[in-house]
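Summary of structural features
Residues per chain, in single letters:
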Amino acid sequence: MESIIPIKGNVRHIITLDPTVWIFDDRRVDLKTYFTESHIEKDELEEYKREMGKHWSREIMEGATFPPTLETEKKFEKRKVLTGTYGIQLSHFLKIAEPAEDAQTLAFETSDGESHSFPLTKVDDIIFKFSDEGKPLLEGGPVHVIFKDGTNNDNPIRNVIAIRVD
């Protein structure tokens, strides 16, 4: 199984995706809770400012020392990453590839020789599942294509080897 997926076709930049490193990406979403909780698109700059403000306030209140709770929090987050089921939105990567203005469709090519096409306007509704229970998707992977609304969660598009923009 090849773990690299190219985005090709009618794009300004042909890029390759490596799902094995997305576990470290802050844009990942926890798929165990994604379909049961409401989601609000967040501004990354505002989120950064808010987190820095919390950190600053914590340092003022507790001092610059690192209390034992910080280590416990880090261990919990590390354990969560190693045992979680995660996905990431395709739109993050398609922005980098920059589809041409006349591009209309997005197709997922599979190792089975199939091609699943969708209107390019639906890119915000597509999530790549890349991890299940902390492990990469070896069977049918490296990614499974699922929809934001969860309608194909039980039957995702598998064996994706390329993404073609037409």
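Heads up: the structure comes first, above all this text.
Let me sum up the structure you'll find in this document.

**Notes on the overall build of the protein chain**
When helices and strands are tallied, the protein chain shows 4 helices and 10 strands. Counting from the amino terminus, the protein chain carries its helices and strands in the arrangement β-β-β-α-α-α-β-α-β-β-β-β-β-β. A total of 166 residues make up the protein chain; the buried ones form 34% of that total. Long-range contacts, defined here as pairs at least 24 residues apart, represent 64% of the contacts in the protein chain between residues at least 6 apart. Entry remark: accessible area of the protein chain is about 10,800 Å², with carbon and sulfur atoms responsible for 54%.

**Side note on the side chain of asparagine 152**
Mapped onto the elements, asparagine 152 comes out in the loop between strand 9 (144–147) and strand 10 (160–165). You can call asparagine 152 buried: its relative accessible area is 9%. Of the polar contacts made by the side chain of asparagine 152, one reaches the backbone oxygen of valine 145; its length is 3.1 Å. Asparagine 152 has contacts with Val145, Ile146, Phe147 and Ile157, leaving out every residue within four places of it along the chain.

**Digging into the packing of aromatic side chains**
Applying the stated rule across the entire model yields 6 aromatic pairs. Between phenylalanine 108 and phenylalanine 118 the ring centres are 6.0 Å apart and the planes differ by 65°, which places this aromatic pair in the edge-to-face class. A residue pair is termed long-range when its members are at least 10 positions apart, and phenylalanine 108 in strand 5 (residues 105–110) and phenylalanine 118 in strand 6 (residues 115–119) qualify at 10 residues. A residue is classified by how much of its surface remains accessible, and phenylalanine 108, at 0% relative accessible area, is buried. Where phenylalanine 108 meets phenylalanine 128, the ring centres are 6.0 Å apart and the plane angle is 75°; that geometry is what we call edge-to-face.

**Things to note about the environment of arginine 28**
Inspection of the secondary structure assignment puts arginine 28 in the loop between strand 2 (15–17) and strand 3 (29–30). Separated by 99 residues in the primary sequence, arginine 28 and isoleucine 127 place their C-alpha atoms 9.7 Å from one another. Polar side-chain contacts of arginine 28 include one of 3.1 Å to the backbone oxygen of aspartate 25.

**Things to note about the sheet that holds strand 1 (residues 5–9)**
Strand pairs in the sheet, formed through backbone hydrogen bonds, run parallel or antiparallel to each other. Here we have 5 strands laid out as an open sheet, ordered 2-1-10-5-6, and mixed in their pairing. On the outer flanks of this sheet lie strand 2 and strand 6, each paired with one strand and no other. Ignoring strand direction, the axes of neighbouring strands in this sheet form an average angle of 25°. Relative to strand 6, strand 5 runs antiparallel, the two being bridged by 5 bridges. Bridging from a neighbouring strand, threonine 105 pairs with proline 119 of strand 6.

**Observations concerning the pattern of salt bridges**
Across all of its chains, the model carries 8 salt bridges by this definition. Linking glutamate 51 and lysine 54 is a salt bridge whose minimum nitrogen-to-oxygen distance equals 3.6 Å. On the criterion of helical spacing, the pair formed by glutamate 51 and lysine 54 is a turn pair, its members being 3 residues apart in helix 2 (residues 44–62). Given the relative accessible area of 39%, glutamate 51 is considered partly exposed. Its salt-bridge partner being glutamate 109, residue arginine 164 comes within 2.4 Å of it at the nearest N-O pair. Within this pair, whereas arginine 164 is found in strand 10, its partner glutamate 109 is found in strand 5, the two being separated by 55 residues in sequence. You can call arginine 164 partly exposed: its relative accessible area is 24%. Via salt bridges that share partners, Lys8, Glu109, Arg164 and Asp166 belong to a single interconnected network.

How each quantity is defined
- Residues numbered from 1 in each chain as written.
- Predicted model: local features only at pLDDT ≥ 70, side-chain atom pairs only at ≥ 80, totals over all residues.
- Heavy atoms only, no water.
- Helix = DSSP H or I, 4+ residues; strand = E, 2+ residues; numbered from the N terminus.
- Buried < 20%, exposed > 50% of the residue type's maximum accessible area, 1.4 Å probe, protein only.
- Contact = heavy atoms within 4.5 Å.
- Areas by Shrake-Rupley, 256 points an atom, 1.4 Å probe, with all protein chains shown as cover.
- Polar contact = N/O pair within 3.5 Å; in protein donor to acceptor, adjacent residues only side chain to side chain.
- Phe/Tyr/Trp six-rings, centres within 6.5 Å; stacked < 30°, edge-to-face > 60°.
- Pairing = 2+ DSSP bridges.
- Axes fitted to C-alpha atoms, helices over the stretch in contact; angles between N-to-C directions.
- Salt bridge = Lys/Arg side-chain N within 4 Å of Asp/Glu carboxyl O.

Function cannot be read off these values alone, since they describe shape.
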